[in-house]
Structure formats: structure tokens, C-alpha cells
Amino acid sequence: MANRPMLEVVALEKRFGTTTVLKKIDLKVSQGELVFVIGPSGSGKSTMLRCCNRLEEPTSGDIIVNGRNIMAGTRRDLDRMRLQIGMVFQGFHLYPHMSVLKNVTLAQRKALKRSKAEADARAMDMLEQVGLAHKADAYPGELSGGQQQRVAIARSLALDPKVMLFDEPTSALDPELVGSVLKVMKDLKSKGMTMVVVSHEMGFARETADRVIFMDGGVVVEEGTPDELFGNPKADRTRAFLSRVSG
Amino acid sequence: MDIFIDQFFNIDIMRQSLPLMMSGLWMTLKLCSAVILLGLIGGLFVALGNMSERRWLRWISIAYTDLFRALPPLVLLIFIYAGLPFAGVNISPFYAVVIAFLLNNSSYYAEVYRAGLISVAKGQWEAAQSTGLSTVQTLAHVVLPQAIRNVLPDLLSNTVEVVKLTSLASVISLSELLYNAGMARSVTYNASPLVLAALIYLVLLWPLVRLVSHFQRRLAA
């Protein structure tokens, strides 16, 4: 595993009006690393993640992806950089008026300018990888939540991103469907994908994360390996949070 | 009873007036296509202006839709046709009608589009943008198809209103369907041409009205 940072968040600040949601956040994610972000709701963890591809506009700070600052440059530069940053949402957000296959090919065709044949082939590969090749012609409304989320992951992966951001990817799923999505994420990690995951799946974090970050009140309170953070949390706030969620 | 049939459903009179009615219908169709087509395009841009992040663009869009929905279209038409010449601006009856009704109609279409755009979840925008699609691509492939589908009955309803609206053009003597029917009535001294005009409007609009109900039921399901 190379030590080159694939994603770097530098002195990131976000204010909504007079409320400061993120206070000078710094974060480095190495190539192939899986960083897991936990924290109570309102801690700013989702906002931090959404700043990483500027779905949320940072108030100040820099976001460096694969050596390039996405805060600099034009809107078109940003569109191009976003191809390198995959994002998976809590609510899946598949396009309901398109088949699964078209969901996965749209950005390949329009943003990457791949040919139809190339995009279709790539989409089928990715759907295969998430175990849904047989659903290529189905519409999102016909799929379970877990299947929709796996299609959403395939949609991102088809663009060959360098980093994948997961914003509570299993929070909207029925408990019995969570496993299938986590399995896909685990596969992805084993293939060397750089990942930042905001989630409450502590078991998954213990098993797969290289590093766990605990955020509260817009700052990183504590970080460490899963063993350090879950086994021997140093800060009182971390301890209080962990006892609440494992309660 | 005889006088009723003779005055309203006189087949001979209807046959005599048919060429005039057809040329009127042709004019009505030309007006409709211009006003509907331009209205659908113009309305979309006004709606997008309304959703813009630029405040001045939003204000212009709001002022436009408020003004032209509040002004009676007939007042607008007569002002453009008979008022503007006082400032040396002469516009042919056809273009006066197109301009007046376009201003009115595009502001209604804009409001319908706006409702449609709002109805598309924010997550759709975010998903599309996160995959590197530009704003225009996001609109064209992801947001607008869903927005338009959600407000299809209202777009159609508004289109029905436009067709009916064009009959007001008779006020400035533009030889569309209603105006020609009036001509035929005064020449033949018989009201059957008016009934014929009404029937033509009905044939034109009834399928559209049906379609609106059909879409409404499908969307509700």
C-alpha cells in the first residue's frame, strides 16, 4: 500500500450563516486506505464528506484529490475532477426514469464520452461485480433498497474513480439488506480502492477500516486504528458516544 | 324546431362557408403552433431563471411571470396592436397576436415548469453532479425528463387554454376561425357558421381534454 495521499482535506471550514459546522478540519487519506468516520448526528461528518466533492461548498480550506486542488479552477475543471471522486448516498438517488443499465452508462457516455458499446460493456462488468448483472433491464422502482444501493455503487465505479465517498450507505436499508451492501464495499476495499465511509456500522469498521475518526461539534476529536479507538478511546466524548451507540 | 335547425344546423350554409372556415382554421393552427412552441421554449428559460442562483435573474423571472399573468391577454393584445403604433411601432395583426399571447402563455408555462422542477428531489441533482455531469447535462438527462413527466397534465391543460385564447384574435380582425365564422354569419345571415366553428374547436380540443384526464389518473395511480 503506497503512502501517497489520494485525498487531502486542509483546514476545511464550513459555516451556515453564523453557525460554524466544520472548524479547520485536516484529513489525509492514503491510496488504498479505508477511513471510517463516526460521530453523533450534527457532528459535521456528512457535511465534511459532501465538501470533498463540493456538493457542499466549503467556506474556506482546500480539498486535494490525486494531487489536484478541486477548490481551484473552473466549473468544468470541477466536473472533470468529480469523475475521480465517486459518491454513494444514503438515499441511493438512482434515476427512476432510466433502466439500471442506463443509470450506469449515463455519465460514462455524457461526461467521459465513452462509446455506447464501451459504456455498456463497462456497466455490465460493474453490475457483475455488485451481483446485479441480471437486473440490467429492470427499473430502480423494481429493486429492493439493497439492490438499488449496489447499482448506485456500480454507477460510481463505472467512472473509474480514485476515491469513493460513502455517506451513510446502509442507514436507509432494512437490516437484512445491509449485509449485501457491506460485502460489496469489502470487496472494493480488497481491490485497493481508497474509501471514506461515514456510517454507524461499527462491526464493519472494526473488520475493514484502516483508521477510524471520531467527529463531534465540527472537529476531529480523536482518531486511530479500530482497535485503539473502539478498544481504548482516550477522549471522554469518544467514550460517551461509543457507550451510547453500543448501549 | 324548424327554425332552430335552419338557423344553427343548416347544412347548405355550412357547406357554403366551408372554404372560409378552413382558411380560418389554418390561421388558428398557425397561431397555435407559434404560440405553443415558442411558449414552451420561452417558459422553460423563464422557469430556469427563477431557479437560478443569481438573484437578479430570479427577480427578472418573477417580475415577468407576475406581470404577464396579471395582465388580461386582451388588454395586452390591443395595446400591442393599437397602442404601439402611437409610438411609431407598427406590428402586423399576426405578429401582434403571437407576441401578446406568447408573453401571457410563456409565463403560465414557466409556472408549470417551475412546479415540475421543484418536484424533482434534490438528490437527483446531487447524484448527477457527483458523477461529473455538467448543469446542462443534469437538466437535460436527469431533471427535466422527470419534471416534465410530473407536470404533463398541467402543460397540456395550459395548451388547451392557448388554443381557446387564439379566438380573441378576432377582435383585431385577424382572419382566424372565429373571425371567419363571424364573417360567414353576417354574409349568409345565418348562425350555422358559428356552430360549425364551435364544432371545429370541440373536435380540436376534446381529445386533448381527454388526454389531460388520462394523464391525471395515471399520475395519481
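Scroll up to find the structure.
Criteria and thresholds
Each chain carries its own residue numbering, running from 1 in the direction its sequence is written. Here the convention is simple: chains get letters from A, ligands get numbers from 1, in the order in which they are written. Since the coordinates come from a predicted model, pLDDT governs what is reported: local features require at least 70, and pairs of side-chain atoms require 80 or more to be given and counted, while whole-chain, interface and lining totals use all residues. Values reported for side chains reflect all heavy atoms of the structure, with hydrogen atoms and water molecules removed beforehand. By the criteria applied, helices consist of DSSP H or I runs no shorter than four residues and strands consist of E runs no shorter than two, each listed in order from the N terminus. Burial classes: relative accessible area under 20% of the type maximum marks a residue as buried, over 50% as exposed, and values in between as partly exposed (1.4 Å probe, protein chains only). Residues are treated as being in contact if the distance between any of their heavy atoms lies within 4.5 Å. Only the protein chains shown count as cover for residues, with accessible areas throughout obtained via the Shrake-Rupley method and a probe of 1.4 Å. When charges are tallied, Lys and Arg are placed among the positive residues and Asp and Glu among the negative ones, while His and the ends of the chain are skipped. Each charge is placed at NZ for Lys, CZ for Arg, CG for Asp and CD for Glu. The rule for pairing is simple: two strands pair if DSSP sees at least two bridges between them. Accessible area that two parts lose when put together, evaluated with a 1.4 Å probe and summed over both, is termed the buried area. Salt bridge, as applied in this entry: a Lys or Arg side-chain nitrogen positioned within 4 Å of an Asp or Glu carboxyl oxygen. Pairing of N or O atoms within 3.5 Å defines a polar contact, subject to two protein rules: one partner must be a possible hydrogen donor and the other a possible acceptor, and residues neighboring in sequence count only if both atoms are side-chain atoms. The way it works is a 1 Å grid over only the protein atoms, where trapped points that fit a 1.4 Å probe form a cavity and open points with protein on both sides within 12 Å along at least five of seven lines form a pocket, and then any residue with an atom within 4 Å of a point lines it. Grid points are joined across faces, edges and corners, and a volume is the space filled by probe spheres set on the points. Any residue that is not Ala, Val, Leu, Ile, Met, Phe, Trp, Tyr, Cys, Pro, Asp, Glu, Lys or Arg is counted as polar, Gly included; the first ten are nonpolar and the last four charged. Inter-axis angles, ranging from 0 to 180 degrees, are taken between N-to-C directions of lines fitted to C-alpha atoms, where helices are fitted over the stretch in contact. If an angle is under 35 degrees, it is roughly parallel; if it is over 145, roughly antiparallel; if it lies from 65 to 115, roughly perpendicular; otherwise it is oblique. Helix crossings are classified by the rotation of the near helix relative to the far one: an anticlockwise turn of less than a right angle makes the crossing left-handed, while a clockwise turn makes it right-handed.

## Some words on the overall build of chain B
Next up, step 1: Within chain B, the secondary structure is distributed over 10 helices and 0 strands.
Next up, step 2: For chain B, the N- to C-terminal ordering of α and β elements is α-α-α-α-α-α-α-α-α-α.
Next up, step 3: Seen through its principal axes, chain B has C-alpha atoms that stretch 70 × 50 × 25 Å.
Next up, step 4: Looking at the 221 residues of chain B, the share that counts as buried comes to 44%.
Next up, step 5: A separation threshold of at least 6 residues defines the contact pool for chain B, and within that pool the share at least 24 residues apart is 75%.
Next up, step 6: Of the roughly 11,600 Å² of accessible surface on chain B, a fraction of 70% belongs to carbon and sulfur atoms.
Next up, step 7: On chain B, the mean spot of the 14 positive side-chain charges and the mean spot of the 10 negative ones are 9 Å from each other.

## So, the sheet that holds strand 2 (residues 19–30) of chain A
Next up, step 1: The strand order across the open sheet built from 4 strands is 2-1-4-5 (chain A), with neighbouring strands paired in antiparallel fashion. Every interior strand has two partners, whereas the edge strands, strand 2 and strand 5 (68–69) of chain A, have only one.

## A few points about the interface of chain B and chain A
Next up, step 1: At the junction of the two partners, chain B supplies 19 residues and chain A supplies 23 residues.
Next up, step 2: For the chain B and chain A pair, buried surface summed over both sides reaches about 1,700 Å², with 56% attributable to carbon and sulfur atoms.
Next up, step 3: A salt bridge links Glu-126 of chain B to Arg-50 of chain A; its shortest N-O distance comes to 2.7 Å.
Next up, step 4: On inspection of chain B and its partner chain A, the count reaches 6 residue pairs in polar contact (both at pLDDT 80 or more).
Next up, step 5: At the level of secondary structure, the elements contributing two or more residues to the side of chain B that touches chain A comprise helix 6 (122–130) and helix 7 (135–150) of chain B.

## Considering the environment of Thr-74 of chain A
Residue and element names in this part refer to chain A.
Next up, step 1: One can find Thr-74 in the loop between strand 5 and helix 2 (75–82).
Next up, step 2: With 117 residues separating them along the chain, Thr-74 and Lys-191 place their C-alpha atoms 32 Å apart.
Next up, step 3: Reaching out from Thr-74, the side chain makes a polar contact with the backbone nitrogen of Arg-76 at a distance of 3.3 Å.

## Remarks on the layout of surface pockets
Next up, step 1: Its boundaries defined by the atoms lining it, the largest pocket holds a volume of some 970 Å³.
Next up, step 2: What lines the largest pocket is a set of 23 residues, among which Arg-75 of chain A together with Glu-53, Trp-125, Gln-129 and Thr-135 of chain B lie closest to the centre.
Next up, step 3: Elements with a contribution of two residues or more to the lining of the largest pocket: helix 2 of chain A together with helix 2 (11–50), helix 6 and helix 7 of chain B.
Next up, step 4: For the lining of the largest pocket, the leading source of residues is helix 6 of chain B, giving 4 residues.
Next up, step 5: Among the residues forming the lining of the largest pocket, the class breakdown is 9 nonpolar, 5 polar and 9 charged.

## Overview of the packing of helix 5 (residues 93–119) of chain B against helix 8 (residues 152–165) of chain B
Residues and elements named next belong to chain B.
Next up, step 1: Direction vectors running N to C along helix 5 and helix 8 enclose 170°, while the axes themselves pass 10 Å from each other. Classified by the angle their axes make, helix 5 and helix 8 are roughly antiparallel. For the pair helix 5 and helix 8, the sense of crossing is right-handed. From helix 5, Phe-101, Asn-104, Asn-105, Tyr-108, Tyr-109, Val-112 and Tyr-113 reach across to helix 8, where they touch Asp-154, Leu-155, Asn-158, Thr-159, Val-162 and Leu-165.
Next up, step 2: Broken down by class, the residue content of the contact of helix 5 with helix 8 amounts to 8 nonpolar, 4 polar and 1 charged.

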